[in-house]
Amino acid sequence: MLRLEDRWIWDAWTVRDGDRVHLFYLQAPMSLSDAGLRHVNATIGHAVSTDCVDWQVLGETFRPAESGFDDLAVWTGSTVWDGKRWRMFYTAISTAGHHIYDQRIGSAVSDDLHHWTRVSSEPALRVDPAHYKTLSSHPGPTEGPDLEGSSETWRDPLVLRDPDGDGWHLLVTARAREAARNDDGVIAHAWSAELETWEVREPLCSPGAGFGQLEVLRSQVVDGRPVLVFTCHPDEMTPERQADANGCCTWSVPSPGLLGPWDLSLARPFRADPTLFAAPVVTRADGSTVIFGFHHDGADGSLWIGDPIPVTLDAEGYLVPSDT
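The sections below set out a description of the structure shown in this document. (Residues numbered from 1 in each chain as written. Predicted model: local features only at pLDDT ≥ 70, side-chain atom pairs only at ≥ 80, totals over all residues. Heavy atoms only, no water.)

Notes on the overall build of the protein chain
Along the protein chain, the regular secondary structure elements total 1 helix and 22 strands. For a compact globule of 324 residues, the expected C-alpha radius of gyration is about 20 Å, and the protein chain comes in at 18 Å, within 12% of that figure. Expressed along its principal axes, the backbone C-alpha trace of the protein chain runs to roughly 50 × 45 × 40 Å. Per-residue burial over the protein chain gives 56% buried out of 324 residues. Of the contacts formed within the protein chain by residues at least 6 apart in sequence, a portion of 53% connects residues at least 24 apart. Mean positive and mean negative side-chain charge positions of the protein chain (25 and 48 charges, respectively) differ by 2 Å. (Helix = DSSP H or I, 4+ residues; strand = E, 2+ residues; numbered from the N terminus. Rg over C-alpha atoms; globule rule 2.2 N^0.38 Å. Buried < 20%, exposed > 50% of the residue type's maximum accessible area, 1.4 Å probe, protein only. Contact = heavy atoms within 4.5 Å. Lys, Arg positive; Asp, Glu negative; His and termini not counted. Charge placed at Lys NZ, Arg CZ, Asp CG, Glu CD.)

What follows is the structure in structure tokens.
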């Protein structure tokens, strides 16, 4: 378990370097009192472990810039070794943007996984209005309880090396342009030859599966087979999906490969831990695979990352608790 006395910690992602798992997580000071304020005060923390149980906290590793597209808060991302150095893609929001609903993707590099340098003062890639909802195409209200209806959802980048060696891919949480609210969640797709210049492409799934957002995407191999794992809060689902979820937030989908395409209508909830949210799936150095994350209920006013649950894939390709 990873729990800090003075900070909320929530969405997280990992990268392995030898036997050590590096955990990057969003954090904000509890002195804010209202946990809802954490989103505009988020920085990225860093911890390491060999077993995903006992963590050595290394402290803050990345924070908003003084100005620019990422000067308000930095959010969830992913980290990869590019052959020469580590590279992190992250979500950013700006003081000049539309509160938390104006989201961008940034990029930074590091030699040691803790000290990061921004690649550019501009976003790494912008949302393509030909395929995805933007503030221009769906402006919505500018204030009030329905503000999120105007979200330019473009976050939680997952960087993957092409399985055939043809460059790199980014999977991004987005909304389909012509789909209904809470039924419009899709996986946006971009490709790059060198992790610098990106070509935004069509989504890797279709909307209409009952999800408004496919957050903190994981597309990876578990026990020799690929699987897609994502988070969706029940408030971001259609009533039909809410009934299926019964409070669950983490979902998996059998996968034809790391780049899909995926049929999200086949998604099933991970019922072993219903409130598990934004959960990394990690294969440890001993070959075992686990899932762990924070819990969205926050019943006692705190947010923390729980202990790992051993997992595998069942005969149909869904993520389930393992027997060991």
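Here's the deal with the sheet that holds strand β10 (residues 168-175)
The 4 strands lie next to each other as β9-β10-β11-β12, forming an open sheet whose pairing is antiparallel. Pairing within the sheet leaves two strands with one partner each, and these edge strands are β9 (155-161) and β12 (199-201). Along the sheet, successive strands turn relative to each other by an average axial angle of 30°, direction set aside. Sheet topology note: the strand β11 (residues 185-192)/β12 ladder contains 3 bridges and is antiparallel. Each residue of the ladder has a partner; that of A190, found in β12, is V200. (Pairing = 2+ DSSP bridges. Axes fitted to C-alpha atoms, helices over the stretch in contact; angles between N-to-C directions.)

Observations regarding the pattern of salt bridges
Once the charged atoms of two side chains with opposite charge are near each other, the side chains can pair. One pass over the full model with this rule turns up 18 salt bridges. Beyond isolated ion pairs, a larger network of salt bridges with shared partners links K133, R175, R181, D184 and E236. (Salt bridge = Lys/Arg side-chain N within 4 Å of Asp/Glu carboxyl O.)

Comments concerning the environment of D183
Relative to the elements of secondary structure, D183 occurs in the loop between β10 and β11. You can call D183 partly exposed: its relative accessible area is 21%. On a C-alpha basis, the gap between D183 and S33 in space is 33 Å, while along the polypeptide they are 150 residues apart. The contacts of D183, once residues within four sequence positions are left out, are P207, G208, A209, G210, F211, G212 and T238.

Quick notes on the sheet that holds strand β22 (residues 319-321)
Pairing in this open sheet of 4 strands is antiparallel, and the strands run β18-β19-β21-β22 from one edge to the other. A single partner strand is all that each edge strand has here, and the edge strands are β18 (281-283) and β22. Mean inter-strand twist for the sheet, computed between neighbouring axes without regard to direction, equals 45°. Here strand β21 (residues 309-313) pairs with β22 via 3 bridges, running antiparallel. Among the inter-strand pairings, L313 is bridged to a residue of β22, identified as L319.

Topic: the nonpolar core
Counting 44 residues, the largest nonpolar core has L2, Y25 and I305 as its most contacted members. Where this core is concerned, the elements lending two or more residues are β1 (7-17), β2 (20-29), β3 (43-49), β5 (73-81) and β6 (86-93). Discounting residues that sit within four places of it in the chain, L2 has contacts with I9, L23, Y25, A47, W55, V57, W304 and I305. L158, A179, C232 and L259 belong to the second-largest nonpolar core, a separate cluster that totals 40 residues. (Core = buried A, V, L, I, M, F, W, Y, C linked by side-chain atoms within 4.5 Å.)

With respect to the packing of aromatic side chains
Applying the stated rule across the entire model yields 10 aromatic pairs. Taking 5.6 Å as the distance between ring centres and 90° as the angle between the ring planes, the aromatic pair formed by F89 and W198 counts as edge-to-face. Placement of the pair is F89 in strand β6 and W198 in the loop between β11 and β12, with a sequence separation of 109 residues. F89 gets classed as buried once you look at its relative accessible area, which sits at 0%. Considering the side-chain rings of F277 and F294, the 5.3 Å spacing of their centres and the 65° angle between planes classify their relative orientation as edge-to-face. With a gap of 17 residues between them, F277 in strand β17 (residues 276-277) and F294 in strand β20 (residues 294-295) connect regions that are remote in the sequence. Grouping residues by exposure puts F277 and F294 together as buried. Cluster of aromatic residues (ring-pair linked, three or more members): W13, F24 and W116. Here R3 stacks its cationic end above the ring of W304, 4.3 Å away from the centre of that ring. Its end group placed over the ring of W10, R38 keeps NZ or CZ at 4.8 Å from the ring centre. (Phe/Tyr/Trp six-rings, centres within 6.5 Å; stacked < 30°, edge-to-face > 60°. Lys NZ or Arg CZ within 6 Å of the ring centre and 35° of its normal.)

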